[in-house]
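Single-letter residue listing:
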Amino acid sequence: MYRHIIFDLDGTLLDTSKGIFLTANKTASEFSYPECTDISRLSLFVGPPLKTGFELVFDMDEKVIPAAVHRYREIYKEEGIKLYEHYPELSCVLSELKSKGYVLSVSTLKNTEAAREMLSDAFPPDLFSSVEGSSVKECETKSVLIDRCIRDSQIPFSETLMVGDTEGDEKGARESGVAFLAVEWGFGFRNGYAKLSHVDSAQNLYKFITGEDYDDQKN
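Keep in mind that what you see is a predicted model, and the values were worked out from it rather than measured.

About the cut-offs
Residues numbered from 1 in each chain as written. Predicted model: local features only at pLDDT ≥ 70, side-chain atom pairs only at ≥ 80, totals over all residues. Heavy atoms only, no water. Helix = DSSP H or I, 4+ residues; strand = E, 2+ residues; numbered from the N terminus. Rg over C-alpha atoms; globule rule 2.2 N^0.38 Å. Buried < 20%, exposed > 50% of the residue type's maximum accessible area, 1.4 Å probe, protein only. Contact = heavy atoms within 4.5 Å. Lys, Arg positive; Asp, Glu negative; His and termini not counted. Charge placed at Lys NZ, Arg CZ, Asp CG, Glu CD. Pairing = 2+ DSSP bridges. Axes fitted to C-alpha atoms, helices over the stretch in contact; angles between N-to-C directions. Salt bridge = Lys/Arg side-chain N within 4 Å of Asp/Glu carboxyl O. Core = buried A, V, L, I, M, F, W, Y, C linked by side-chain atoms within 4.5 Å. Expected span 1.5 Å × (residues − 1). Arc of directions from axis to C-beta. Phe/Tyr/Trp six-rings, centres within 6.5 Å; stacked < 30°, edge-to-face > 60°. Right-handed = clockwise from strand over helix to strand, strands pointing away.

Draft legend 1. Layout of the overall build of the chain. In terms of helices and strands, the chain carries 9 helices and 8 strands. At 17 Å, the chain has a C-alpha radius of gyration in line with the 17 Å of a compact globule built from 219 residues. For the C-alpha atoms alone, the extent of the chain along its principal axes is close to 55 × 35 × 30 Å. Within the chain, the proportion of its 219 residues that are buried is 49%. Partitioning the intrachain contacts of the chain with sequence separation of at least 6 by distance along the chain shows that 64% fall at a separation of at least 24. Distance between charge centres in the chain, computed from 24 positive and 37 negative side chains, equals 4 Å.

Draft legend 2. Representation of the sheet that holds strand β4 (residues 103-111). The 6 strands lie next to each other as β5-β4-β1-β6-β7-β8, forming an open sheet whose pairing is parallel. Edge positions in the sheet fall to β5 (130-134) and β8 (198-199), since each of these pairs with one other strand and no more. Bridging between strand β1 (residues 4-7) and β4 involves 4 bridges; their strand directions are parallel. The partner of Phe 7 across the bridge, within β4, is Val 106. With respect to the sheet, helix α7 (residues 142-153) is in contact with β1, β4, β5 and β6 (160-164), its orientation differing from that of β4 by roughly 150°.

Draft legend 3. Region of interest: the pattern of salt bridges. According to the stated counting rule, one finds 16 salt bridges in the structure shown. Notably, a salt bridge pairs Arg 151 with Glu 132, separated by 3.9 Å at the nearest N-O pair. Highlighted residues: Arg 151 in helix α7 and Glu 132 in strand β5, separated in sequence by 19 residues. Taking the relative accessible area as the measure of exposure, Glu 132 reaches 11% and is therefore buried. Between Glu 170 and Arg 174 there is a salt bridge, and its shortest N-O distance comes to 2.9 Å. Of this pair, Glu 170 and Arg 174 both sit in helix α8 (residues 167-176), 4 residues apart, roughly one helical turn. On the basis of relative accessibility, which here comes to 18%, the residue Glu 170 falls in the buried class.

Draft legend 4. Quick look at the pairing of β1. Burial of the side chains of β1 extends over both faces: His 4 and Ile 6 are buried on one face and Ile 5 and Phe 7 on the other. Summarising the sheet, β1 and β6 pair through 4 bridges and their orientation is parallel. Its bridge partner being in β6, Ile 5 is matched across the sheet by Leu 161.

Draft legend 5. Seen up close, the nonpolar core. If you look at the biggest cluster of nonpolar residues, it comprises 55 residues, and the most contacted ones within it are Leu 13, Phe 54, Phe 58, Leu 94 and Phe 128. Excluding its chain neighbours within four sequence positions, the residues that come into contact with Leu 94 are Phe 7, Leu 13, Leu 104, Phe 123, Leu 127 and Phe 128. In this structure, Met 162, Ala 173, Ala 182 and Phe 189 belong to the second largest nonpolar core, which totals 11 residues.

Draft legend 6. Here's a closer look at α7. An ideal rise of 1.5 Å per residue puts 16 Å on 12 residues; α7 measures up with 17 Å between its terminal C-alpha atoms. Of the positions making up α7, those classed as buried are Lys 142, Ser 143, Leu 145, Ile 146, Cys 149, Ile 150 and Ser 153. Taken end-on, α7 shows its buried residues confined to a sector of 160°, consistent with a single buried face. Considering only its buried residues, α7 is in contact with β1, β4, β5, β6 and α8.

Draft legend 7. Structural view of the packing of aromatic side chains. Using the criterion set out here, one finds 9 aromatic pairs in the structure. Aromatic side chains Phe 123 and Phe 128 sit 5.6 Å apart centroid to centroid with 90° between the ring planes, which places their arrangement in the edge-to-face category. Of the two residues, Phe 123 and Phe 128, neither departs from the other in class, the shared state being buried. Put simply, the rings of Phe 45, Phe 54, Phe 58, Tyr 72 and Tyr 76 touch in pairs and so form one group of aromatic residues.

Draft legend 8. Seen up close, the pairing of β5. With 5 of its 5 residues buried, β5 lies for the most part within the structure. In the sheet, β4 pairs with β5 via 4 bridges, with the strands oriented parallel. Bridged to Asn 111 within β5 is Ser 134. Considered for its hand, the β-α-β crossover made up of β4, helix α6 (residues 112-122) and β5 is right-handed.

Rendered as structure tokens:
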């Protein structure tokens, strides 16, 4: 049914929370805003554009935000980019999907350069055919990035599945007109999963996509 699988990065492919939260607090502190210790609030930095995170978490003056976003990216590149953790079995599952002929892409609001560097460090080379992220000059939406992945793959929308862990991912998939699958790890949906297809493990992600049990495929 699906030949092209597009993944969100933060909270879906990798647990990047430690690096994101550290960078957000360091940036806020440099601009004389108190650090945030509420993890649920800091989680608002995962998914939306950085501008939104600074507005919602630190109530930052909009005149300061452009400079804060620039500084965040500097700090993240220096310190935060290596602070991530893998989700159990996910890398193996992705490699197996790739070997079976599925085209894997990444759509993330993370800066493109940072996203590609992180993915290169965390996963086998050439696992992802396309990595589409945000740029410094533009504020791309999730749907725009999904559309770019589809353009790169040349696989129809009807054969594409978006996999993500937040409402922003689901909204982007809906706006692009592609199917969506929620993962229960990561940063979650505030309104739950009642109306969404969802999986709770990498093995079940594999089964949802292929229709086969992952354990039967492992060597």
